[in-house]
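Now for the letters of each chain:
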Amino acid sequence: MAVKIDEEECMGCESCVEICPAVFGFNEDETKAFVIEGADLEANADCIEESIGSCPAACITND
Ligand code: SF4
């Protein structure tokens, strides 16, 4: 599993950061979300899926 954010497309809404703070961080300078290095993706699979479903830019992928 590899969670990625297309930062070009990210609108900076912070929805994913609110839904799944163990996986998604927020770069205040660039107003873009990022995937936290070393985040436990398996333990947070449910909120990752919820974040993907809630992202208004549809820019989170989990392949
Ligand atoms: S939900 Fe999508 S658009 Fe919003 S901050 Fe996260 S990656 Fe960016």
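So, how was this worked out
- Residues numbered from 1 in each chain as written.
- Predicted model: local features only at pLDDT ≥ 70, side-chain atom pairs only at ≥ 80, totals over all residues.
- Heavy atoms only, no water.
- Helix = DSSP H or I, 4+ residues; strand = E, 2+ residues; numbered from the N terminus.
- Rg over C-alpha atoms; globule rule 2.2 N^0.38 Å.
- Buried < 20%, exposed > 50% of the residue type's maximum accessible area, 1.4 Å probe, protein only.
- Disulfide = S-S within 2.5 Å.
- 1 Å grid on protein atoms, 1.4 Å probe; cavity = no way out; pocket = protein on both sides within 12 Å on 5 of 7 lines; lining within 4 Å.
- Points joined across faces, edges and corners; volume = space filled by probe spheres on them.
- Core = buried A, V, L, I, M, F, W, Y, C linked by side-chain atoms within 4.5 Å.
- Contact = heavy atoms within 4.5 Å.

*Asks:* Account for the overall build of the protein, with residues named and values stated.
*Replies:* Each helix and strand in the protein was counted, giving two helices and four strands. Along the protein, helices (α) and strands (β) appear in the sequence β-α-β-β-α-β when read from the amino end. Taking 11 Å as the expected radius of gyration for a compact globule of 63 residues, we find that the protein reaches 10 Å, a close match to that expectation. Considered along the principal axes of its C-alpha atoms, the protein spans approximately 30 × 20 × 20 Å. For the protein, buried positions account for 37% of its 63 residues.

*Asks:* Give me the state of the cysteines: which residues, what numbers.
*Replies:* One pass over the structure, following the stated rule, counts one disulfide. Here Cys20 connects covalently by a disulfide to Cys47, the sulfurs 1.9 Å from one another. A torsion of 45 degrees about the S-S bond marks the disulfide between Cys20 and Cys47 as right-handed. Placement of the pair is Cys20 in the loop between α1 (15–19) and β2 (24–27) and Cys47 in helix α2 (residues 45–54), with a sequence separation of 27 residues.

*Asks:* Tell me about empty space enclosed by the protein, residues and numbers included.
*Replies:* Per the counting criterion, the structure on display carries one cavity of 30 Å³ or more. The computed volume of the largest cavity comes to approximately 80 Å³. Around the largest cavity sit 13 residues that line it, and Cys10, Cys13, Cys16, Cys55 and Cys59 are the ones nearest its centre.

*Asks:* Describe the nonpolar core, with residues and values.
*Replies:* By size, the foremost hydrophobic cluster in this structure holds 17 residues, and its most contacted members are Ile5, Val23, Phe24, Ala33 and Ile60. Elements supplying a minimum of two residues to this core: β1 (3–5), α1, β2 and α2. Not counting chain neighbours up to four residues away, the residues in contact with Ile60 comprise Val3, Lys4, Ile5, Cys16, Phe24, Ser51, Ile52 and Cys55.

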